[in-house]
Structure formats: structure tokens, C-alpha cells
Amino acid sequence: MSRQVNKDKLSIMPWINTEYSYKLAKRMEQFRSNPVLGYRPAGSAAEFATGEMLFQEMERIGLKDVHKDAIRVDSWEFHKAELVWNTEDGSEGLRAVLGGYQTNFQTGGPREFGLVYVGKGTAEDYDGKDVKGKLVLADINQREEWWINFPVYQAYVRGAAAFIAVQEGGFAEIHDEALNAQDIAGPAEAAAFSMSRADAAVLKRALEGKEEIRVWFDADTCVKEKQTSYNIIGTIPGEDQEQMILLSAHYDSYFSGFQDDNAAVALMFGIAKALIDSGYKPKKTLVFAALAAEEWGIVNSKYDWSTGAYQQVFHVRPEWQGKVVADLNFELPAHAHDTKDAVRTVYEYVTFLTKAIEGIPVDPEAYPDGLEIHAPIQTMSDDFSMAISGIPSMVNEFADGSFMETHYHSQFDNEDYYHEPVYRFHHLLYGTLVKEFDKIVLPPFDFSVLFEAMNKSLDMRYSGIIGD
């Protein structure tokens, strides 16, 4: 790759202000469903309040046509989950704050339950155990074994009152006190919560030689179907109202959600502010979308994430299909997930992006091994919903490193892992790519990359077996 610096590609740099973006990311944390842990889930009052703040901020920095697009989601409010176990002499042996999943369970104050340990939570682990009306504690690894909904539903059909998951591995590996949250991918009536390995170890020791122990549990988690949430939209109008460049990031979160996705929303705002402050006059209309309900938004479905983006492009603004030449989506952008950065994109834009990033200087403090283009996109973020609607999309690479296994969706996703050089570079990189897309007359498709990938994926042995 050429290291020659194109001065035109650096014109946004003097206007980049990462301090503004960082402070906006932190401001988003004030809105929380759970006063201890955070949480800003789909359709919640905290999500709504965050959207209102972002609406006002869009207007304040000078975006035009700022409005809210109403979307239909299933909502979740998670206010608290606390478990207390007392020793045989009556003293407090454990007071644990638990994380939650998108399920219904309201105790109406502390209630006493039996608690049973069921190993991995498989059918065999329940043999000889009476769990009806009780809490069950189980170890899970969602990367190497099965997703949370499977052991949760096993507990539900066995009559358990609720399932308490302990991350044995796969997620929340950073610390024994880490909690975890994921999309439940199951029915709301199968109640589930998350407990740290450290707290679970206390309960497991108390259970040694016993079938169950008695605990007090106080929980308030509620799912409501077919509720309304809002995607927050603002624009920098261009000469052409029919061609659009979209920038997107989601503003719902688990825990404080600093990287996922506060910093991403704030990155999008930072780019918008830099373009406005620089006096940039785009040819195409630039659309900035703070999207709701990415982490979850539909009950009892394996396809329960990215609901806000899907609703936006398939139901609310289907006219965006064919008008948006590119969606630049952002996820976890203020942490270096590898020594080399990457833009992950659809196959058709690999050639264009490879050329577009030439001459953009990569800060070696952020990414000592430079920058490259990855394809294809993956399913885990809003760019996927955009792409399947026909909108060519891309996202900053965020899944290559260990962060997903260690900090992601835990209370350890916080500002302690903020890296300003990475954040600054992403402001420069994606602000520059906006301007590169703005220069083109037609979408820069190169389908040869797609055809080559398709060819590599074919197993010709089966072609010979099947015949013509």
C-alpha cells in the first residue's frame, strides 16, 4: 500500500475533537434502567431518555431535519436482581448483584427460594433433582457449547422459577466478578439472570453435600411486546437529495456500554460535527442515524438483534434502498482490537475501499501494523441489516481481538479501556471515507471480488457427483 499522504484526505483532521466525542459517550451513561449496573435496553425509559438527549445534541451541533422515526419493538425494563444467602448461624454469607436477560420475573420484594446447582444445565444434570419453583444455578460457555436460551428453557420445562447463568468461559473472561448479558433468543416467560463466577463459587461451597440451600431473591425484570421506540435521524443536506451516505450506530446498551456502543454513537456525532465545523458542503445528503434496539428487540426468536436497523430500512424508510450508496456503521471503535486495523465491508466495495484508504496515515501508536480491508460483513451488527436490504455497508473491525471474550457485554466495558489514538484515527478514517464516497457519481461496485469468493467456496467434488 502506498504511504504517500494525500493532503486532501487530511482536510478533516484539524476539526476532529475526540474530547467532545469522549464526553458525549460518557453523557450517555447517565440514563440507566438499573441504578447499579446500567442497562439501556430496547424500548426502555432509559433508551427513550438517551434518544431525547441525542436528538437535542443533533440540533445543537447543526444537523438539519432532525427527527425521530418510530419503530415497533418488544421492550425490556431491567430494574434490579439481588440475591442474599445467609449462613446457618443467620449471618449474611453473600449479597450478590445479578445481571439480567430479556425475561419476565418480578418478586415484588425479597422472596425466599430454594437454590439448586445443576452443573451444565443439561437434561441429564436434572436427574434426581427437584427444581420445581426453585432457582437453578448452572455453568455455561456460549462459544464452545450452546447459547443461553437452551439451558434456560431446560430449566423452564422442569418447572424452575428462574435460571442463573455463570459464565464458565466464552464471555466475561476478564475477571471472576464479571457479569454478562446477551440476547436471550427465547421466550420471555423462561426467566434468566447472570451471576459472577466469584459469587457462584460462594454458593457452590455452601451447596457441598446438600441438594439445595435457601436464599432471598429480589428481582424486577419485565418484557412487553409490540412497543414503540425511536431511531434518531439528522442530516447534512447535500446538493443531491436522491443520493445518500448513511452513518449509523446503536444507542441501546448493556451495563454502561462505553465501547458498545456509546463511543460509536459519539464517533458518529464527532464526524458530523467536524464536517459541519469545517464548512464542508456535500454533494450527496449525509444521514446520521442513532439506532435503537440493536442488542435485542424481539421475543422468542433466534433473530432478535439489530431490530432497530431492520425496522428502519425495511418498514420505516424502505425508500433508502436504492438511495443510500453506503452505510458506515460503528461498533466498539475506541479500543484497538488488533495491531492492524480493518474496515469490514461487503465484497463489492473491497476494490474501492482498498484504493480509498491509500494515503491515509495510520497512527502507529494506534495500529502499528497499519490498515486493511476485510470481507465479507458478519451478522453481529447493524450493517448486516443494512446489507440484506440492498444497502452496501461496512463497519470498523471489532471482532478480531480478545475483547469480545473478555470485556464485551460486561461491566468491564468501560472507559478504562479507552485508547484516544485509536479513537482519533477512526474519526479521521471514516470522516475521510465519507468524503471519498461523496466524490463518486455512481456506487463503485466491483462484483469480481464477490464472484471470486463464490468460486473459492464451491466444492467441485459435489458438482461431479450431481452432474449437469
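Our structure's up above, just so we're on the same page.
The structure displayed is predicted, hence computed values, not measured ones.

Colleague: Now, about a nonpolar patch on the surface: what can you tell me, with residues and values included?
Modeller: Side chains of F445, F447, F451 and M454 sit close together on the surface and give an oily, nonpolar patch of about 410 Å² of accessible area. Residue position: F451 is located in helix α11 (residues 447-457). The exposure class assigned to F451 is exposed, which follows from its relative accessible area of 51%.

Colleague: Now, about the packing of aromatic side chains: what can you tell me, with residues and values included?
Modeller: What the rule picks out here adds up to 28 aromatic pairs. With centroids separated by 4.8 Å and ring planes inclined at 45°, the aromatic side chains of Y22 and Y418 adopt a geometry described as tilted. One end of the pair, Y22, is in helix α1 (residues 18-27); the other, Y418, is in the loop between α9 (403-406) and α10 (420-439), with 396 residues separating them in the sequence. Three or more aromatic residues joined by ring pairs form one cluster here, namely Y349, F352, F437, F445, F447 and F451. The ring of Y230 is capped by K68, whose NZ or CZ atom sits 4.7 Å from the centre of that ring. We note K273 situated over the ring of Y20; from NZ or CZ to the ring centre the distance is 5.5 Å.

Colleague: Go over the side chain of S393 with me, naming the residues and quoting the values.
Modeller: Along the chain, S393 turns up in strand β15 (residues 393-396). Residue classification places S393 among the buried residues on the basis of a relative accessible area of 0%. Side-chain polar atoms of S393 contact the backbone oxygen of D383, separated by 2.8 Å. The contacts of S393, once residues within four sequence positions are left out, are D327, R344, T345, V346, I377, D383, M386 and A387.

Colleague: Break down the packing of α1 against α10 for me, citing the residues and quoting the values.
Modeller: The angle between the axes and the distance between the axes are what describe a pair of packed helices. Closest axis-to-axis distance for the α1/α10 pair is 10 Å, and the angle between their directions is 110°. In terms of axis orientation, α1 runs roughly perpendicular to α10. Here T18, S21 and Y22 of α1 come into contact with α10, specifically with E420, Y423, R424 and H427. Broken down by class, the residue content of the contact of α1 with α10 amounts to 2 nonpolar, 3 polar and 2 charged.

Colleague: How would you sum up empty space enclosed by the protein? Please name residues and give values.
Modeller: The rolling of a water-molecule-sized probe over the atoms marks out the regions of remaining empty space. Scanning all chains against the criterion turns up 3 cavities of 30 Å³ or more. A volume near 50 Å³ is recorded for the largest cavity. Every residue lining the largest cavity is listed: H337, D338, K340, D341, A342, Y367, E397 and D400. Counted by class, the lining of the largest cavity contains 2 nonpolar, 1 polar and 5 charged residues. Space inside the second largest cavity adds up to approximately 40 Å³. In terms of lining, the second largest cavity is formed by R344, Q378, T379, M380, S381, D383, V395, E397 and F398.

Colleague: Go over the nonpolar core with me, naming the residues and quoting the values.
Modeller: If you look at the biggest cluster of nonpolar residues, it comprises 129 residues, and the most contacted ones within it are L83 and L328. The element that contributes the greatest number of residues to this core is helix α5 (residues 258-277), accounting for 12 residues. In this structure, L328 is in contact with I245, L246, L247, S248, M394, Y430, L433, V434 and F437, ignoring residues within four places of it in sequence. If you look at the next biggest cluster of nonpolar residues, it comprises 12 residues, including I233, L246, L291 and V313.

Colleague: Just give me the short version of α10, but keep the residues and values in it.
Modeller: For an α-helix, the turn length of 3.6 residues means that residues three or four places apart are oriented alike. For α10, which comprises 20 residues, the first-to-last C-alpha distance of 29 Å matches the rise-based estimate of 28 Å (1.5 Å per residue) to within 8%. Burial of α10 is extensive: 17 of the 20 residues sit out of reach of the surface.

The rules behind the values
- Residues numbered from 1 in each chain as written.
- Predicted model: local features only at pLDDT ≥ 70, side-chain atom pairs only at ≥ 80, totals over all residues.
- Heavy atoms only, no water.
- Patch = residues over 30% accessible without salt bridge, like charges linked within 9 Å, V, L, I, M, F, W, Y side chains within 5 Å.
- Areas by Shrake-Rupley, 256 points an atom, 1.4 Å probe, with all protein chains shown as cover.
- Salt bridge = Lys/Arg side-chain N within 4 Å of Asp/Glu carboxyl O.
- Helix = DSSP H or I, 4+ residues; strand = E, 2+ residues; numbered from the N terminus.
- Buried < 20%, exposed > 50% of the residue type's maximum accessible area, 1.4 Å probe, protein only.
- Phe/Tyr/Trp six-rings, centres within 6.5 Å; stacked < 30°, edge-to-face > 60°.
- Lys NZ or Arg CZ within 6 Å of the ring centre and 35° of its normal.
- Polar contact = N/O pair within 3.5 Å; in protein donor to acceptor, adjacent residues only side chain to side chain.
- Contact = heavy atoms within 4.5 Å.
- Axes fitted to C-alpha atoms, helices over the stretch in contact; angles between N-to-C directions.
- Parallel < 35°, antiparallel > 145°, perpendicular 65-115°, else oblique.
- Nonpolar A, V, L, I, M, F, W, Y, C, P; charged D, E, K, R; others polar.
- 1 Å grid on protein atoms, 1.4 Å probe; cavity = no way out; pocket = protein on both sides within 12 Å on 5 of 7 lines; lining within 4 Å.
- Points joined across faces, edges and corners; volume = space filled by probe spheres on them.
- Core = buried A, V, L, I, M, F, W, Y, C linked by side-chain atoms within 4.5 Å.
- Expected span 1.5 Å × (residues − 1).

That's the geometry; what it means functionally is another story.
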